[in-house]
Amino acid sequence: MAIRPPQTLKSTGRKVPVTKYRNVSPTQTLRRFTVIWANTNGVPFNTTGFFATLRRADGSFVQAAGFDSFGTARFSRVRTPTNQPYTLRTFRDDGTLFRIRSVPAGVSSYVVIG
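Keep in mind the model is a prediction, meaning the values are calculated, not measured. (Residues numbered from 1 in each chain as written. Predicted model: local features only at pLDDT ≥ 70, side-chain atom pairs only at ≥ 80, totals over all residues. Heavy atoms only, no water.)

### Some details on the confidence of the model for the protein
Part 1: Scored by pLDDT, the protein comes out at a mean of 83, with 75% of its residues at no less than 70.
Part 2: Element-level mean pLDDT values for the protein span from 93 in strand 7 (residues 109–113) up to 97 in strand 2 (residues 51–56). (pLDDT = per-residue confidence, 0-100. Helix = DSSP H or I, 4+ residues; strand = E, 2+ residues; numbered from the N terminus.)

### Considering the packing of aromatic side chains
Part 1: Applying the stated criterion across every chain yields a total of seven aromatic pairs.
Part 2: Both rings, one in Phe33 and one in Phe75, keep their centres 5.9 Å apart while their planes meet at 35°; by these two values the pair is tilted. On the criterion of sequence distance, the pair formed by Phe33 in strand 1 (residues 32–38) and Phe75 in strand 4 (residues 72–79) is long-range, its members being 42 residues apart. With respect to burial, Phe33 and Phe75 carry one shared label: buried. (Phe/Tyr/Trp six-rings, centres within 6.5 Å; stacked < 30°, edge-to-face > 60°. Buried < 20%, exposed > 50% of the residue type's maximum accessible area, 1.4 Å probe, protein only.)

### Things to note about the sheet that holds strand 7
Part 1: Strand order in the open sheet formed by three strands is 4-1-7, with mixed pairing between adjacent strands. Strands at the two margins of the open sheet, each flanked by one partner only, are strand 4 and strand 7. Neighbour-to-neighbour, the strand axes of the sheet open up by a mean angle of 20°, direction not taken into account.
Part 2: Sheet topology places strand 1 next to strand 7; five bridges connect them, and they run parallel. The partner of Ala38 across the bridge, within strand 7, is Ile113. (Pairing = 2+ DSSP bridges. Axes fitted to C-alpha atoms, helices over the stretch in contact; angles between N-to-C directions.)

### Description of the side chain of Thr90
Part 1: Counting through the fold element by element, Thr90 comes out in strand 5 (residues 86–91).
Part 2: Once residues within four sequence positions are removed from consideration, Thr90 is found in contact with Trp37, Phe51, Ala52, Phe67, Thr96, Leu97, Phe98 and Arg99. (Contact = heavy atoms within 4.5 Å.)

### Quick notes on the sheet that holds strand 5
Part 1: Strand order in the open sheet formed by four strands is 3-2-5-6, and the pairing between neighbours is antiparallel. In this open sheet, the two edge strands, each paired with only one partner strand, are strand 3 (61–66) and strand 6 (97–103). The mean inter-strand angle of the sheet, taken between neighbouring strand axes irrespective of direction, is 20°.
Part 2: For strand 2 and strand 5, the ladder comprises six bridges, and the chain directions are antiparallel. Bridged to Leu54 within strand 5 is Leu88.

### Some words on the pattern of salt bridges
Part 1: All told, the structure shown has one salt bridge when counted by the stated rule.
Part 2: Across the pair Asp94 and Arg92 runs a salt bridge, and its minimum N-O distance is 3.3 Å.
Part 3: Under the relative-accessibility criterion, Asp94 is labelled exposed at 53%.
Part 4: Take Arg92: its relative accessible area is 32%, and that puts it in the partly exposed class. (Salt bridge = Lys/Arg side-chain N within 4 Å of Asp/Glu carboxyl O.)

Given below as structure tokens:
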């Protein structure tokens, strides 16, 4: 695990030299594929009662996941980064199809806009 540099001390204003931590790489990643549904301003919709399905490029079903009230759906069976492209479909709880999106390979999350 990478060692994180200490934050700037607000009381004294002392700063950590940047050159000392140049080789530190970020370690914060999502472990499972996550979808966020937001409007054009970037604000997530209230998506209570909505769900999404994920299919492989050959059409085989992978998993369905429900959205929470914050516009987020987490696919627990899909590790990240993804190793293949997927087709994402979003639905209302009565089965009405809202969006179809193509998710490329190599991502940890995807945002559906609109």
